[in-house]
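Descriptive structure summary
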Amino acid sequence: MNCHSTAAVLTARHIAVSFVAAVSAVGVTVPHASADALGAPTGAGRYPPQAPRAVRKIPFTDATVTQHKDRSFTVSWKAPGVGSVRVYAGERAVAHGGAEATVTVRGLPAADRQWFRFVPDQGASLTLADRSLHLEGAATLRDVGGCRTADGRWVKMGVLYRTNNLHALTDADLAKLQRLGIRTDFDLRMPGERAKAPDRVPAGARYIVADAFDAHLRDGLSLSERDLERLREALLTG
């Protein structure tokens, strides 16, 4: 998602969400939508059976992942009422603590994006990454997910991003976005902005003009209750 004009932010959010709803409604999925409820590994990398969704609520009220320049990570969490939390990177346990903790993780292999699974001793787990993709040409590119909603659910990460300066992406940035499965670029800018600095888009991704100030475009974005429900299921977990 590309939002270059500061004045367009509020309108842009509405348009972006509407487009995500439309994409979700036709069954398009995005890789790394990975805030799934996974249990702690048992035995040879297996996971225990999952309780019904209504029973296994995510107990975390706050959780973050921050990547540092030396490729270490700070993981922190708050999960009132649980006894312990283990954090996994892949199948490897890399941190543990009580209901609230902050831990620095080092020595992980290089990856385009490192995911961490926070596994409490009760309730559903939560999978997060650093919100930044750490691109050279678009340092502001951020994951919109990783936030807790008012009703206690979490916005999935790896589904929707926001940024500006996509015209400045390097070839290495484009290759990274392609490997991460970025499929669609919604350009929210006005015509003059698009002409002055055209977006660079990773191979295989669609480019869609979604001008935040185009009244005709906004008027055509009415959503049904079914679309809204699909949007909620696409973006929320827990």
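Just so it is clear, the structure is predicted and the values come from calculations on it, not from any experiment. (Residues numbered from 1 in each chain as written. Predicted model: local features only at pLDDT ≥ 70, side-chain atom pairs only at ≥ 80, totals over all residues. Heavy atoms only, no water.)

**Describing unusual backbone geometry**
The criterion, for reference: Each helix is a run of H or I in the DSSP string that is no shorter than four residues. Each strand is a run of E no shorter than two, and both are numbered from the N terminus.
Even without a glycine there, the phi angle at Arg 71 is positive, about 65 degrees. Looking at the element boundaries, Arg 71 is found in the loop between β1 (62-67) and β2 (73-78). At His 134, a position not held by glycine, the phi torsion is positive, near 55 degrees. Structurally, His 134 is set in the loop between β7 (126-128) and β8 (142-143).

**Comments concerning the environment of Cys 147**
For clarity, the cut-off: Note on contacts: a residue pair qualifies if any of its non-hydrogen atoms lie within 4.5 Å across the two residues.
When you line up the elements, Cys 147 lands in the loop between β8 and β9 (154-155). Spatially, the C-alpha atoms of Cys 147 and Thr 64 are 9.1 Å apart, while their sequence positions differ by 83 residues. If sequence neighbours within four positions are ignored, Cys 147 has contacts with Arg 131, Arg 153, Trp 154 and Val 155.

**Examining the packing of aromatic side chains**
A ring pair, where both rings are aromatic, is described by two values, the distance of the centres and the angle of the planes. We apply this condition: Two aromatic rings, drawn from Phe, Tyr or Trp (for Trp, its six-membered ring), form a pair once their centres lie within 6.5 Å of each other, and the interplanar angle then sorts them: stacked below 30 degrees, edge-to-face above 60, tilted otherwise.
Evaluation of the coordinates by the stated rule reveals three aromatic pairs. Between Trp 77 and Phe 118, the aromatic rings sit 6.0 Å apart at their centres with planes inclined by 75 degrees, giving edge-to-face as the arrangement. Of this pair, Trp 77 sits in strand β2 while Phe 118 sits in strand β6 (residues 116-120); the two residues are 41 residues apart in sequence, bridging distant segments of the chain. Feature note: the residues Phe 60, Trp 77 and Phe 118 constitute an aromatic cluster, connected by ring pairs.

**Structural notes on the pattern of salt bridges**
Here is the rule: Salt bridge, as used here: a side-chain nitrogen of Lys or Arg that lies within 4 Å of a carboxyl oxygen of Asp or Glu. Only protein chains enter the accessibility calculation, which uses a 1.4 Å probe; a residue whose area is less than 20% of its type maximum is buried, one above 50% is exposed, and one in between is partly exposed.
For the structure on display, the rule yields seven salt bridges. Among the salt bridges present, the one from Arg 189 reaches Asp 187, with a minimum N-O distance of 2.8 Å. Among the residues examined, Arg 189 registers a relative accessible area of 3% and is labelled buried. The network of salt bridges with shared partners includes Asp 187, Arg 189 and Asp 199.

**Quick notes on the nonpolar core**
What counts is decided by this rule: Here, nonpolar core refers to any group of buried Ala, Val, Leu, Ile, Met, Phe, Trp, Tyr and Cys residues whose side-chain atoms link them within 4.5 Å.
Formed by 27 residues in total, the largest nonpolar core has its most connected members in Phe 60, Val 75, Trp 77, Val 87, Val 105, Phe 116 and Phe 118. For this core, the secondary structure elements donating two or more residues are β1, β2, β3 (85-89), β4 (92-97), β5 (100-105), β6 and β7. Apart from residues lying up to four places away in sequence, Phe 118 is in contact with Phe 60, Thr 64, Val 65, Val 75, Ser 76, Trp 77, Arg 86, Val 87, Ser 125, Leu 126 and Leu 128. In terms of nonpolar packing, the next biggest core, distinct from the first, is built from 11 residues, Leu 141, Leu 166, Leu 180 and Ile 182 among them.

**Here's the deal with the environment of Gly 137**
The topology assignment puts Gly 137 in the loop between β7 and β8. Note: C-alpha distance between Gly 137 and His 167 (30 residues apart in sequence) is 8.1 Å.

**Examining the side chain of Ser 72**
The condition that has to hold: Pairing of N or O atoms within 3.5 Å defines a polar contact, subject to two protein rules: one partner must be a possible hydrogen donor and the other a possible acceptor, and residues neighboring in sequence count only if both atoms are side-chain atoms.
Relative to the elements of secondary structure, Ser 72 occurs in the loop between β1 and β2. The exposure class assigned to Ser 72 is buried, which follows from its relative accessible area of 4%. Of the polar contacts made by the side chain of Ser 72, one reaches the side chain of Asp 70; its length is 2.6 Å. Not counting the four nearest positions on each side in its chain, Ser 72 is found in contact with Thr 66, Gln 67, Thr 104, Val 105 and Arg 106.

**What to know about the side chain of Arg 194**
In this structure, Arg 194 sits in helix α3 (residues 191-196). A distance of 2.6 Å separates a polar side-chain atom of Arg 194 from the backbone oxygen of Arg 189.

**A short note on the pairing of β4**
Here is the rule: Think of it this way: DSSP has to see at least two bridges between two strands before they count as a pair.
Two strands pair when backbone bridges link them, and β3 and β4 are joined in this way by five bridges, in the antiparallel orientation. Along β4, the bridge assignment pairs Tyr 88 with Ala 93. If you look at the hairpin formed by β3 and β4, you'll find two residues sitting between the two strands, and Gly 90 has a positive phi there, around 65 degrees.

**A few points about the environment of Lys 78**
Inspection of the secondary structure assignment puts Lys 78 in strand β2. Residues Lys 78 and Glu 100 lie 22 residues apart in sequence; the distance between their C-alpha atoms is 4.4 Å. Non-local contacts of Lys 78, meaning those with residues more than four positions away in its chain, are made with Pro 59, Phe 60, Thr 61, Asp 62, Ala 99 and Glu 100.

**Thoughts on the sheet that holds β5**
Sheet strands associate in pairs through backbone hydrogen bonding, adopting either a parallel or an antiparallel arrangement. Stated formally: The angle between two axes is taken between their N-to-C directions and runs from 0 to 180 degrees, where each axis is a line fitted to C-alpha atoms and a helix contributes only its stretch in contact.
Spatial strand order, β1-β2-β5: three strands in an open sheet with antiparallel pairing. Where the open sheet ends on each side, the last strands, each with one partner, are β1 and β5. For this sheet, the mean inter-axis angle between neighbouring strands, taken without regard to orientation, is 10 degrees. Sheet analysis places β1 next to β2, joined by six bridges and oriented antiparallel. Across the sheet, residue Thr 64 finds its bridge partner in β2, namely Ser 76.

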